[in-house]
Amino acid sequence: MMKMIWKILAAGMLVLSMAACRQETAVFEPEETYAAPEDFPDLFCDYYFLEDSETGQVILDHRSEEQIFPASMTKMMTAILAIEQIPDPENTVIPFTEEMLAGLVEANANRAGFVPGDAPTALDYIYGDLLPSGADCSRALAFYLAGSEEAFVEQMNAKAAELGMQDTHFVNTTGLHEDDHYSTCRDMAVLLNYCMQNELFRTVITTEIWRTEPLAHYRRGLLMQNYVLLYINQEDPPFSYEFDIPGFIGGKSGYTIEGQYTLASCAKIGGIPLTMVNAHGYHIEHYPASISDAAALYHWFSEHYERKEAVSAGQDFGPLKVRESTEGDIRVLVSDSLTLDLPEEE
């Protein structure tokens, strides 16, 4: 009798395992399963990745595991390490030095604008790292925490390994191009999801404008603007390009000649928290191709997807025939509900 019971249990487990495998394939291969090619937007980027950050369900995946140059998306790692290692960034003063600035002007790197002799706080540098994408701020944090950029980069790579970013290798704190400084869209999504769990990081990346206290070279303080939010959901946009993305939260953009326009961003659409990374997008000089692509993909998602209960707890999968049993069949019931983001017509 015990042998028959084990056979029945094994048969039931096999059916449920097969059903789960079929469902997983449907969820994690959305390009083939759920894409809407008839109205899918034309994009500038060559790589993109969109996922439900709450469930981990992948919605769109185009070359997300191929190597990219992350450009200033790199600065997310610089910022989160500083946030985690400096207990009181608001009251930690870090004088800005010539050594921190060395080479950045020649490399035409984005800078927040600090000048040797200024003495901002660590919090100012964190805002400067993320909002105007200041390489001067990235360097300052690295020197303060590790004594040199090279030593801090070791911490960055160690953190990447800890987070499971297996296809990422950092060479600098800024994202300035080097052939051996690379990542993938998936890895950048992992990094952004991790960063967004931190309250201070969330506060900084969703801030439009930050002004420091008065400094030696800025009597009224240094004003910094969020280079991503400047383009999104603005009633009076300062640029000719403006994008409406309902539910947009924040993001970190980047640009190098080799990496082109990149963006790691997050939004909440229809109650669904989303993380998106797109990379290597280009249109014309200074056109925010990565932000344009993000707007197109977020709108595409909002028009086609909604969260649905695909399988309900207690749902009857029907009878399962059982051999060598006193019972001809057993009924298979679902133990837990399964909720997925699915196209509206599914």
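Residues numbered from 1 in each chain as written. Predicted model: local features only at pLDDT ≥ 70, side-chain atom pairs only at ≥ 80, totals over all residues. Heavy atoms only, no water.

Let's shift gears to the side chain of Asp 118. If you trace the backbone, Asp 118 turns up in the loop between helix H4 (98-101) and helix H5 (122-130). Buried Asp 118, no salt bridge; nearest opposite-charge side chain is Arg 111, N-O distance 10 Å. Setting aside anything within four residues of it in sequence, one finds Asp 118 in contact with Pro 95, Phe 96, Leu 215, Ala 216, His 217 and Tyr 218. (Helix = DSSP H or I, 4+ residues; strand = E, 2+ residues; numbered from the N terminus. Buried < 20%, exposed > 50% of the residue type's maximum accessible area, 1.4 Å probe, protein only. Lys, Arg positive; Asp, Glu negative; His and termini not counted. Salt bridge = Lys/Arg side-chain N within 4 Å of Asp/Glu carboxyl O. Contact = heavy atoms within 4.5 Å.)

In spatial order, the strands read S2-S1-S7-S6-S5; together these 5 strands make up an open sheet with antiparallel pairing. A strand with exactly one partner marks an edge of an open sheet, and here the two such strands are strand S2 (58-62) and strand S5 (248-256). For this sheet, the mean inter-axis angle between neighbouring strands, taken without regard to orientation, is 10°. Sheet analysis places strand S1 (residues 45-52) next to strand S7 (residues 272-281), joined by 7 bridges and oriented antiparallel. Bridge pairing in S7 links Leu 50 to Met 276. (Pairing = 2+ DSSP bridges. Axes fitted to C-alpha atoms, helices over the stretch in contact; angles between N-to-C directions.)

Moving on: the side chain of Thr 168. Mapped onto the elements, Thr 168 comes out in the loop between helix H7 (149-162) and helix H8 (185-195). Overall, the relative accessible area of 10% leaves Thr 168 in the buried class. Ignoring sequence-local partners within four residues, the contact set of Thr 168 consists of Ala 160, Tyr 182, Ser 183, Thr 184 and Asp 187.

Another point: the packing of helix H6 (residues 135-146) against H7. Following both chains from N to C, one finds H6 and H7 inclined at 90°, their axes separated by 8 Å at the closest point. Between H6 and H7, the interaxial angle falls into the category roughly perpendicular. Counting all contacts with H6, which are made through Arg 139, Ala 142, Phe 143, Leu 145 and Ala 146, the residues of H7 involved are Glu 149, Ala 151, Phe 152 and Gln 155. Here the residues of the contact of H6 with H7 sort into 6 nonpolar, 1 polar and 2 charged. (Parallel < 35°, antiparallel > 145°, perpendicular 65-115°, else oblique. Nonpolar A, V, L, I, M, F, W, Y, C, P; charged D, E, K, R; others polar.)

The final tally for this structure, using the stated rule, is 9 salt bridges. For Arg 63, the salt bridge goes to Glu 66, with nearest N and O atoms at 3.0 Å. With a closest N to O distance of 3.7 Å, Glu 65 and Arg 186 form a salt bridge. Of this pair, Glu 65 sits in the loop between S2 and helix H3 (75-85) while Arg 186 sits in helix H8, placing them 121 residues apart in sequence. Accessibility expressed as a relative area gives 55% for Glu 65, which makes it exposed. A relative accessible area of 25% means that Arg 186 is categorised as partly exposed. One connected set of salt bridges, linked through shared partners, spans Asp 52, Glu 54 and Arg 307.

Let us now look at the nonpolar core. Ranked by internal contacts, the top residues of the largest apolar core, which has 56 residues, are Met 76, Met 77, Phe 114 and Phe 201. Sorting elements by how many residues they give to this core places H3 first, with 7 residues. Counting 29 residues, the second largest nonpolar core, distinct from the first, contains Ile 232, Ile 245, Ala 289 and Ala 295. (Core = buried A, V, L, I, M, F, W, Y, C linked by side-chain atoms within 4.5 Å.)

Together, Glu 178, Asp 179, Asp 180 and Glu 258 make up a region of like negative charge exposed at the surface. With respect to the helices and strands, Glu 258 occurs in the loop between S5 and strand S6 (260-269). Using a relative accessible area of 37% as the deciding quantity, one classes Glu 258 as partly exposed. (Patch = residues over 30% accessible without salt bridge, like charges linked within 9 Å, V, L, I, M, F, W, Y side chains within 5 Å. Areas by Shrake-Rupley, 256 points an atom, 1.4 Å probe, with all protein chains shown as cover. Charge placed at Lys NZ, Arg CZ, Asp CG, Glu CD.)

Turning our eyes to something else, we now look at unusual backbone geometry. Despite not being glycine, Asn 108 has its phi angle at roughly 60°, a positive value. In this structure, Asn 108 sits in the loop between H4 and H5. Under the relative-accessibility criterion, Asn 108 is labelled exposed at 69%. Residues other than glycine seldom take positive phi values, yet Ser 133 does so here, at roughly 60°. Looking at the secondary structure, you find Ser 133 in the loop between H5 and H6.

With 16 residues, helix H10 (residues 289-304) extends 23 Å between its outermost C-alpha atoms, agreeing within 8% with the 22 Å of an ideal straight helix rising 1.5 Å per residue. In terms of burial, H10 is largely enclosed, as 12 of its 16 residues are buried. Taken residue by residue, H10 has Ala 289, Ser 290, Ile 291, Ser 292, Asp 293, Ala 294, Ala 295, Leu 297, Tyr 298, Trp 300, Phe 301 and His 304 as its buried positions. (Expected span 1.5 Å × (residues − 1).)

Relative orientation of the contacting elements H3 and H8 amounts to 30°, with a least axis distance of 10 Å. Judged by the angle between their axes, H3 and H8 are roughly parallel. The element H3 and its partner H8 pack so that their crossing is left-handed. Of the residues in H8, those touching H3 at Met 76, Met 77, Ile 80 and Glu 84 are Met 188, Leu 191, Leu 192, Tyr 194 and Cys 195. Taken together, the residues of the contact of H3 with H8 sort by class into 8 nonpolar, no polar and 1 charged. (Left-handed = near helix turned anticlockwise from the far one by under 90°.)

All we've got here are geometric facts, nothing functional implied.
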